[in-house]
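Structural overview for review
Each chain, written out:
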Amino acid sequence: MKHHPDHFIDGRWTPPSDDGSKPLVDPFTQAPFATVATGGSAADVDLAVRAARRAFDGFSRVSVADRITLIDRIIASYERRVDDIAHLMAQEVGIPVSARAQATGPIGHMKAARDLIATYPFESRLAGTIVRREPIGVCALISPWNWPVQTPVIKAIYALAAGCTMVAKPSEASPLSGIFLAEIFAEAGVPPGVFNLVLGRGSVVGSALSGHPEVDMISFTGSTGAGIKVGESAARSVKRVSLELGGKSANIVLEDADVEKAARWNIKRCFFNAGQSCHAPSRMLVHESRMEEAIGYLVDEASAFKLGDPRDPTTTMGPVVNEAQFASIQRYIGGAIDEGPRLVSGGLGRPDGLDRGYFVKPTIFADVSPDMTIAREEVFGPVLAVIPYANEGEALSIANDSPFGLGGYVFSEDRKKGYAFASGLRAGRVCYNGEETNSVTPMGGYKQSGIGRSMGRIGLEEYLEIKSVYGFEEEAAHLPEFS
Ligand code: NAD
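What comes next is a walk through the structure. Keep in mind that what you see is a predicted model, and the values were worked out from it rather than measured.

1. A few points about the sheet that holds strand β15 (residues 342-345)
Strand order in the open sheet made by the seven strands is β15-β16-β17-β14-β13-β19-β20, with mixed pairing throughout. Both outer strands of the open sheet, β15 and β20 (429-432), are each paired with one neighbouring strand and no more. Adjacent strand axes in the sheet meet at a mean angle of 20° when their direction is disregarded. Judged from the four bridges that link them, strand β13 (residues 250-253) and strand β14 (residues 283-287) form a sheet pairing that is parallel. When the bridges of β14 are listed, I252 appears paired with L285.

Structure (structure tokens):
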């Protein structure tokens, strides 16, 4: 069994100050397959932050052209190992190798960041003044396990594109994906200290990062509860905080919609990654006149998933990440059964024929009322709550009656009505009739789903400070107009 003991600090694999380790359990076999250091401490964080601080002076002055070359080398080194990462994610967190987007998605994001800085106005002109956008400094990048490579890649590549240095902390449930990223960055020749990785627990390493006075900015993705703690701790040293948090996103299916399309899409999107996606449309609002029709399609589509070994290319739903997540989802399903909505698919326990692995039955509750727990809390598993509504006003108010505001979805044959709903939804990203998202438009949430946005130009600006420089009107005249 391989042991992964080290952090990656200042360009070197560095033993932790305390030698604790824990086994990593394969969620399909339920057997340990590796051990990993848990011993990240505040001392290790300090070492990594200081390395990033030392590297910042030099790296923040590296030209945009050289940063583009560096990103190209990272892309090349990532592309060489894309199959390795797909297999690693299958073993570490149960993501099926067939969910190719988990492995290949990061490439598109890296290319988008590279292309963006080629033309981005780091220096511009406003009212005769030079406005500079400068790298903010040392960034702490804290990630969850559900997109264990893509989420940290987006953070790291935009931080690097901006000219920042960083300390990344992967989830304790997906440390190997974090180690993989450090290997890619090292192989691509990222200078020592620019990218550092500290393994360990959120309550220790994450908390030391959010409180460290030499960290200028935190980009955190994870649960709303942990995000609140990060925000509180970061406030004491006035850091910029970007939070991408939980969701309970609603898909409003209007009375005139193509209900079959909406239902099949909802199941595919909600149960992708075994429901462990922040933007999952986990509430589906259906006009009461079309409820039975919708349920028929939903149940049919849910039955099409092939659950099994995530390494088998024909598997379309793997196990959930670990025992704790399995138990939490089972509690939600049991609680919902007690609250009384109609269970139309799935339910408690493992699916038939699977006697090991943290598998959850694709589960659908119909006749859910908006005040039930299953309609309000993020389950983070393959569980859908279908809520009836009587009129459009009620649909919009149910959709917005949530502490979250991450994603929103609307299906209608009437584009005008669809757009009115898209405008009325209090959510950071809204898709009409199942439209795909892309990697250059901002992603983030309203309300308790977060602060700030990632990806594209607005995502890059999370890693930049703005400086107005007066007295250089002549030089400013040659710069592009501020935008
Ligand atoms: P989590 O909050 O438990 O952990 C996320 C990260 O935060 C981990 O690295 C963890 O170690 C760290 N952490 C935990 N407590 C901390 C603390 N006190 N201080 C600093 N860091 C701390 O979340 P998770 O279970 O890993 O991921 C699932 C959650 O992430 C879900 O709520 C999901 O919606 C959310 N998520 C959101 C987005 C988005 O873009 N909005 C994307 C993916 C996941």
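2. Concerning the environment of D66
Within the fold, D66 resides in helix α2 (residues 64-80). What makes D66 partly exposed here is its relative accessible area of 47%. The spatial distance from the C-alpha of D66 to the C-alpha of A161 is 10.0 Å, given a sequence separation of 95 residues.

3. Looking at the site of the ligand
Around the ligand, a shell composed of 27 residues is seen, among which S143, E172, S223, L245 and E378 lie nearest. K169 places a polar side-chain atom, nitrogen or oxygen, 2.9 Å from an oxygen atom of the ligand. Contact between the ligand and E172: an oxygen atom at 2.5 Å from a side-chain N or O atom of the residue. For the ligand, whose unbound accessible area comes to 850 Å², protein coverage reaches 88%.

4. Describing the packing of aromatic side chains
What the rule picks out here adds up to 11 aromatic pairs. On the basis of an interplanar angle of 35° and a centroid distance of 5.9 Å, the ring pair of W147 and F272 is categorised as tilted. Highlighted residues: W147 in the loop between β8 (138-142) and α5 (150-162) and F272 in the loop between α9 (259-271) and β14, separated in sequence by 125 residues. W147 gets classed as buried once you look at its relative accessible area, which sits at 17%. The class for F272 is partly exposed, based on a relative accessible area of 28%.

5. As for the pattern of salt bridges
Note that side chains of opposite charge can pair when their charged atoms are close. Taken as a whole and assessed by the stated rule, the structure comprises 31 salt bridges. For D26, the salt bridge is made with R311, and the minimal N-O distance between the two is 2.9 Å. Taken together, the residues D26 in the loop between β4 (21-25) and β5 (32-37) and R311 in the loop between α10 (291-302) and α11 (323-339) connect sequence positions 285 residues apart. Here R311 falls in the partly exposed class, since its relative accessible area comes to 25%. With a closest N to O distance of 3.0 Å, R81 and E183 form a salt bridge. Of this pair, R81 sits in the loop between α2 and α3 (82-93) while E183 sits in helix α6 (residues 175-187), and the two are 102 residues apart along the sequence.

6. Things to note about unusual backbone geometry
In this structure, D10 takes a positive phi of about 55° despite not being glycine. By secondary structure assignment, the location of D10 is in the loop between β2 (7-9) and β3 (12-14). Judged by its relative accessible area of 18%, D10 falls in the buried class. Phi at N433 takes a positive value of approximately 50°, unusual for a residue other than glycine. Within the secondary structure layout, N433 lies in the loop between β20 and β21 (446-447).

Cut-offs applied
- Residues numbered from 1 in each chain as written.
- Predicted model: local features only at pLDDT ≥ 70, side-chain atom pairs only at ≥ 80, totals over all residues.
- Heavy atoms only, no water.
- Pairing = 2+ DSSP bridges.
- Helix = DSSP H or I, 4+ residues; strand = E, 2+ residues; numbered from the N terminus.
- Axes fitted to C-alpha atoms, helices over the stretch in contact; angles between N-to-C directions.
- Buried < 20%, exposed > 50% of the residue type's maximum accessible area, 1.4 Å probe, protein only.
- Near = heavy atom within 4 Å.
- Polar contact = N/O pair within 3.5 Å; in protein donor to acceptor, adjacent residues only side chain to side chain.
- Areas by Shrake-Rupley, 256 points an atom, 1.4 Å probe, with all protein chains shown as cover.
- Phe/Tyr/Trp six-rings, centres within 6.5 Å; stacked < 30°, edge-to-face > 60°.
- Salt bridge = Lys/Arg side-chain N within 4 Å of Asp/Glu carboxyl O.

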